[in-house]
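# Fold and contact review
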Amino acid sequence: MAAALAGALVYVGAPVRVRFELSRGSLEHLAQTVSDGTPPEAGRWIGLYPVKYLVASRGAVGFMIEDAGFFGSYGFAWSSNGEPDIDAPGSYRHFDGRWYVWSDD
């Protein structure tokens, strides 16, 4: 029974959601700071995520996560104006509020 519950939680994305929620404050603080004009810094931990690089443009900030994908890279993007418009390749899927999952296809 415990294995089935664990499998179901993984399937619905519970580990991603929990890790994100535990990191949300740090991610939002940095996104707002960078959006306000502070140059982004890469190669550091933000909350529970090791950030490979950050990209900021037009009211949006993208955080690419170190070693987050097997066949591609993944991260999060924060946008103050709907879907992110970042000068970097990739696609976006709405995650929560102003947050999107960013994949660099």
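Use the structure listed above.
Small disclaimer: the values here were computed from a predicted structure and weren't measured.

### Here's the deal with the overall build of the protein
In terms of regular secondary structure, the protein is built from two helices and six strands. The helix and strand sequence of the protein, counted from the amino end, reads α-α-β-β-β-β-β-β. Burial status across the protein gives 34% buried among its 105 residues. Residue pairs in contact within the protein that sit at least 24 positions apart in sequence constitute 40% of those at least 6 positions apart. Total accessible area on the protein stands at roughly 6,300 Å², and carbon and sulfur atoms take up 57% of it.

### So, the sheet that holds strand 6 (residues 99–103)
The sheet built from six strands is open, its strands ordered 1-2-3-4-6-5 with antiparallel pairing. Looking at strand neighbours, the two that pair on one side only are strand 1 (44–46) and strand 5 (91–96), the edges of this open sheet. Here the average twist between neighbouring strands, direction ignored, is 40 degrees.

Definitions and limits used
Residues numbered from 1 in each chain as written. Predicted model: local features only at pLDDT ≥ 70, side-chain atom pairs only at ≥ 80, totals over all residues. Heavy atoms only, no water. Helix = DSSP H or I, 4+ residues; strand = E, 2+ residues; numbered from the N terminus. Buried < 20%, exposed > 50% of the residue type's maximum accessible area, 1.4 Å probe, protein only. Contact = heavy atoms within 4.5 Å. Areas by Shrake-Rupley, 256 points an atom, 1.4 Å probe, with all protein chains shown as cover. Pairing = 2+ DSSP bridges. Axes fitted to C-alpha atoms, helices over the stretch in contact; angles between N-to-C directions.

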